[in-house]
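# Remarks on the overall topology
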Amino acid sequence: METIQLIGILLVFFIMVGLMMTRKVPTIIALPVMAIAISFIAGVTFMSSDPEKFTIVKDVLEAGSMRMSTAISGLVFGAIFGKVLSKVGITETIIKKAAELAGDKALPIALVFLAVCSVIFAASNGLGMVILVGTIIIPIMISAGLSPMISGIILLLSSAIGVTFSVNTLAVYLDVLKLDLDVVTGYSWMVGLPLIIVSVIMIIYYIQFQGKTSKAWAMPNNARNGQQVRAIALISPIVPVALVFAFKVPLIASILIGIVVALVLSTPKNPIHVVSSAFVEGIQDVAGAMGLMIGIGMLLNAVMSSEVSAILQPAISLAIPKNQLMFVLIFGLLSPLAIYRGPLNVWGLGSGIISLLVASGMNPVAAMVALRLDSNVQAVCDPTNSHNVWIADFTKTDVNEILKKTILWISVSTLIGLIISSFFLY
């Protein structure tokens, strides 16, 4: 019977992955559907009068929707912080200063924007911030002689690097794997440094050999005539990051302190209006991601139930790496499975799979590092990402061409990160 149930659960996985890959069903719907279907196949009771009994209604849907509450809170407050930075003019001023520093040479401006935008995205990320930053820097880079494709890729790389150190993104791993904050932050450089190095090499290669163009792009009005803020206010984006990484301050408190610092140093005319409007607009920007996290929580509770885990663990335990070589090979060669919301994507099936691996005996820290490194592939290459779709549309390029130009590079950076981290984990 368990063999038939295992086949049924795997069939649900593959069908839903196929529907997500072909964009027949959005991920925000696919995850709850998977959670319910997997639970039914495993024989989880739908409802029960016994309050101690695990059921679909009470534990998968109700408790599951709240499981990622820490990550959702971090996401919301991070988005609010990003809106505050935008509304008081800090984000735009940083980008303008960076453009002035780099001049009009293609390579310097690309590398400066990679660094500066990574800092901005570490403070706040998501589609809204990508659009805000992208509408400013992409025209500047194209005017400096970069191709639209490479300009878009630079924005994606900076977003991925920023997310690696983003305080609101770290909360996902706290919820999924139940690790302490200092453990998650302690491995951030090990995850981010290979991506940074490979990104720089990648940019140099593409600009030197196929990234230049003579095409011009008129700067948007709001990118030229925005408000300026005093120089001291430009440190605001790094305040939450520094508080979390250096002083171990909790996530939400760090972001709130960052908001206060940004307001004090920039002194907007109406700070109450800035904060209130940022609150509403920030929530609007991350509404889709919040929906994804609710679905992830449901899927996590479903696969971690005793009924489902009993069926899946014999198969999952075979994939647990027993040594350095297997750790590198499994998560390195299979890193492309992070795209299309696949089994190594923390925003898709990966959260459930990695939780089962940990439940079956895998080192949770190793699981966290592997998932974060594979998530770099998703962050840059995945055609189902909303920011990849927006960048492709804005630059008039093909989202699948972005995948082709980046997948090998980012997979190599992931492999390097796995090799380095394996010496610390095994």
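Data block above holds the structure.
Here's what I pulled together on the structure shown here. Keep in mind that what you see is a predicted model, and the values were worked out from it rather than measured.

### Details of the environment of glycine 103
Relative to the assigned elements, glycine 103 resides in the loop between α5 (90-102) and α6 (106-123). It is 8.7 Å that separates the C-alpha atoms of glycine 103 and alanine 144, two residues lying 41 residues apart in sequence.

### Structural notes on the environment of alanine 302
Looking at the secondary structure, you find alanine 302 in helix α16 (residues 287-303). Expressed as a C-alpha distance, the spacing of alanine 302 and alanine 262, which sit 40 residues apart in the sequence, is 41 Å. Setting aside residues no more than four positions away along its own chain, alanine 302 makes contact with Ala35, Ser39, Val60 and Val308.

### Describing unusual backbone geometry
Look at lysine 178: it is not a glycine, yet its phi comes out positive at around 55 degrees. With phi around 60 degrees, lysine 396 is a residue other than glycine that occupies positive phi space. Examined against the element boundaries, lysine 396 turns out to sit in the loop between α21 (386-395) and α22 (399-425).

### Digging into the packing of helix α4 (residues 69-87) against helix α9 (residues 167-177)
Their axes nearest at 7 Å, the elements α4 and α9 cross at an angle of 175 degrees. On the basis of the axis angle, α4 is roughly antiparallel to α9. Judged by residue contacts, Ser69, Thr70, Ala71, Gly74, Leu75 and Gly78 of α4 engage Asn168, Ala171, Val172 and Asp175 from α9. The class makeup of the residues in the contact of α4 with α9 is 4 nonpolar, 5 polar and 1 charged.

### Structural notes on the packing of helix α7 (residues 127-143) against α21
Direction vectors running N to C along α7 and α21 enclose 25 degrees, while the axes themselves pass 10 Å from each other. Between α7 and α21, the angle is such that the two are roughly parallel. Here α7 and α21 pass one another in a crossing that is right-handed. In this structure, α7 uses Leu127, Val130, Ile131, Gly134, Thr135, Ile138 and Pro139 to contact α21, whose residues at the interface are Ser386, His387, Trp390, Ile391, Phe394 and Thr395. Residue classes in the contact of α7 with α21 are distributed as 8 nonpolar, 5 polar and no charged.

### Some points on the nonpolar core
Met34 and Phe331 are the most contacted members of the largest nonpolar core, which has 152 residues in total. Leave out the neighbours within four places in its chain, and phenylalanine 331 touches Pro321, Leu344, Ile354, Leu357, Met362, Ala370, Asp374, Thr414 and Leu418.

### Let's talk about the pattern of salt bridges
If you walk through the whole model with that rule in mind, you get 6 salt bridges. The partner of lysine 83 in a salt bridge is glutamate 281, and the shortest N-O contact between them spans 3.9 Å. Within this pair, whereas lysine 83 is found in helix α4, its partner glutamate 281 is found in helix α15 (residues 271-285), the two being separated by 198 residues in sequence. A salt bridge links lysine 83 to aspartate 285, with the nearest nitrogen and oxygen atoms 3.1 Å apart. Pair noted here: lysine 83 is in helix α4 and aspartate 285 is in helix α15, with a separation of 202 residues, a long-range link. With relative accessibility at 33%, the residue aspartate 285 sits in the partly exposed group. A network of salt bridges, in which partner residues are shared, links Lys83, Lys87, Glu281 and Asp285.

### Here we look at the side chain of asparagine 376
Along the chain, the position of asparagine 376 falls in helix α20 (residues 364-381). Apart from residues lying up to four places away in sequence, asparagine 376 is in contact with Thr164, Val191, Leu195, Ile410 and Thr414.

### Overview of the packing of aromatic side chains
In this structure the tally under the stated criterion is 10 aromatic pairs. Ring plane angle 45 degrees and centroid distance 5.6 Å describe the contact between tyrosine 205 and tryptophan 409, whose orientation is recorded as tilted. Here tyrosine 205 is found in helix α11 (residues 188-209), whereas its partner tryptophan 409 is found in helix α22, with 204 residues between them in sequence. Since its relative accessible area comes to 35%, tyrosine 205 is described here as partly exposed. Look at tryptophan 409 and you get partly exposed, because its relative accessible area is 22%. Pairwise contacts between aromatic rings join Tyr205, Tyr206, Phe209 and Trp409 into one cluster. The ring of tyrosine 173 carries the charged tip of arginine 372 above its face, separated from the ring centre by 5.6 Å.

Criteria and thresholds
- Residues numbered from 1 in each chain as written.
- Predicted model: local features only at pLDDT ≥ 70, side-chain atom pairs only at ≥ 80, totals over all residues.
- Heavy atoms only, no water.
- Helix = DSSP H or I, 4+ residues; strand = E, 2+ residues; numbered from the N terminus.
- Contact = heavy atoms within 4.5 Å.
- Axes fitted to C-alpha atoms, helices over the stretch in contact; angles between N-to-C directions.
- Parallel < 35°, antiparallel > 145°, perpendicular 65-115°, else oblique.
- Nonpolar A, V, L, I, M, F, W, Y, C, P; charged D, E, K, R; others polar.
- Left-handed = near helix turned anticlockwise from the far one by under 90°.
- Core = buried A, V, L, I, M, F, W, Y, C linked by side-chain atoms within 4.5 Å.
- Buried < 20%, exposed > 50% of the residue type's maximum accessible area, 1.4 Å probe, protein only.
- Salt bridge = Lys/Arg side-chain N within 4 Å of Asp/Glu carboxyl O.
- Phe/Tyr/Trp six-rings, centres within 6.5 Å; stacked < 30°, edge-to-face > 60°.
- Lys NZ or Arg CZ within 6 Å of the ring centre and 35° of its normal.

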